[in-house]
Amino acid sequence: DVAKAAKAAGARRFVLLSAYCVLSAERQDPYALQFQYAKLKLENEIKLLCDENKIDFVSVRPTAFFKSVSGQLEVVNSGAPFVYFDLDGNGKCARCNPISEPDLASALIDQIADDS
């Protein structure tokens, strides 16, 4: 398994790139989607394996790091509306703060290099 292989390779920390939306599954929000529950399950399974193998576990959950956000720039620039998620059918929309690839890469490297 991944945690055992990491331990055998001398890893001290496992850094998982996850997603902020996993929080909806953690809170069991009524609008949480199945893929959010699947990501949460994966996080929990990897954390358990890391705990068993005495490896630090870090789950990085950036908001809005997906190509569809940047892909919408062309659509919006052409005059079409920005797509958003209607959470309850009454106009409650999901808000996000997109992160750039270089900033996310820097944050991940910080987690790998952190000795605390």
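Provided above is the structure to which this section pertains.
About the cut-offs
Residues numbered from 1 in each chain as written. Predicted model: local features only at pLDDT ≥ 70, side-chain atom pairs only at ≥ 80, totals over all residues. Heavy atoms only, no water. Helix = DSSP H or I, 4+ residues; strand = E, 2+ residues; numbered from the N terminus. Buried < 20%, exposed > 50% of the residue type's maximum accessible area, 1.4 Å probe, protein only. Phe/Tyr/Trp six-rings, centres within 6.5 Å; stacked < 30°, edge-to-face > 60°. Core = buried A, V, L, I, M, F, W, Y, C linked by side-chain atoms within 4.5 Å. Contact = heavy atoms within 4.5 Å. Expected span 1.5 Å × (residues − 1). Arc of directions from axis to C-beta.

Caption draft 1: Examining the side chain of Asn53 more closely. By secondary structure assignment, the location of Asn53 is in the loop between α3 (34-52) and β2 (56-60). Overall, Asn53 belongs to the buried group, its relative accessible area being 14%.

Caption draft 2: Structural view of the packing of aromatic side chains. On inspection of all chains with the given rule, the structure shows one aromatic pair. Between the aromatic rings of Phe14 and Phe57, the centroid separation amounts to 6.3 Å while the plane-to-plane angle is 25°, which identifies the pairing as stacked. Residue Phe14 is located in strand β1 (residues 13-17), and its partner Phe57 is located in strand β2; the two are separated by 43 residues in the primary sequence. Given a relative accessible area of 16%, Phe14 falls into the buried group.

Caption draft 3: Structural view of the nonpolar core. Listed in full, the eight residues of the largest apolar core are Ala3, Ala6, Phe14, Leu16, Ile46, Cys50, Ile55 and Phe57. Secondary structure elements with two or more residues in this core: α1 (2-8), β1 and α3. Setting aside residues up to four positions removed in sequence, Phe14 forms contacts with Val2, Ile46, Cys50, Ile55, Asp56, Phe57 and Val58.

Caption draft 4: Just the environment of Ile46, in detail. Along the chain, Ile46 turns up in helix α3. Look at Ile46 and you get buried, because its relative accessible area is 12%. C-alpha separation for the pair Ile46 and Ser59, spaced 13 residues apart in sequence, amounts to 9.7 Å.

Caption draft 5: Quick peek at α3. Along its 19 residues, α3 runs 27 Å from first to last C-alpha, staying within 8% of the 27 Å computed at 1.5 Å per residue. Those residues of α3 lying buried are Gln36, Leu40, Glu43, Ile46 and Cys50. On an axial view of α3, the arc spanned by its buried residues comes to 130°, and they lie on one face. Turned more than 90 degrees from where α3 packs its buried face, Gln34, Lys41 and Glu52 sit exposed. At its buried positions, α3 is contacted by α1, β1, α2 (22-26) and β2. Looking at the residues trailing α3, positive phi occurs at Lys54, about 55°.

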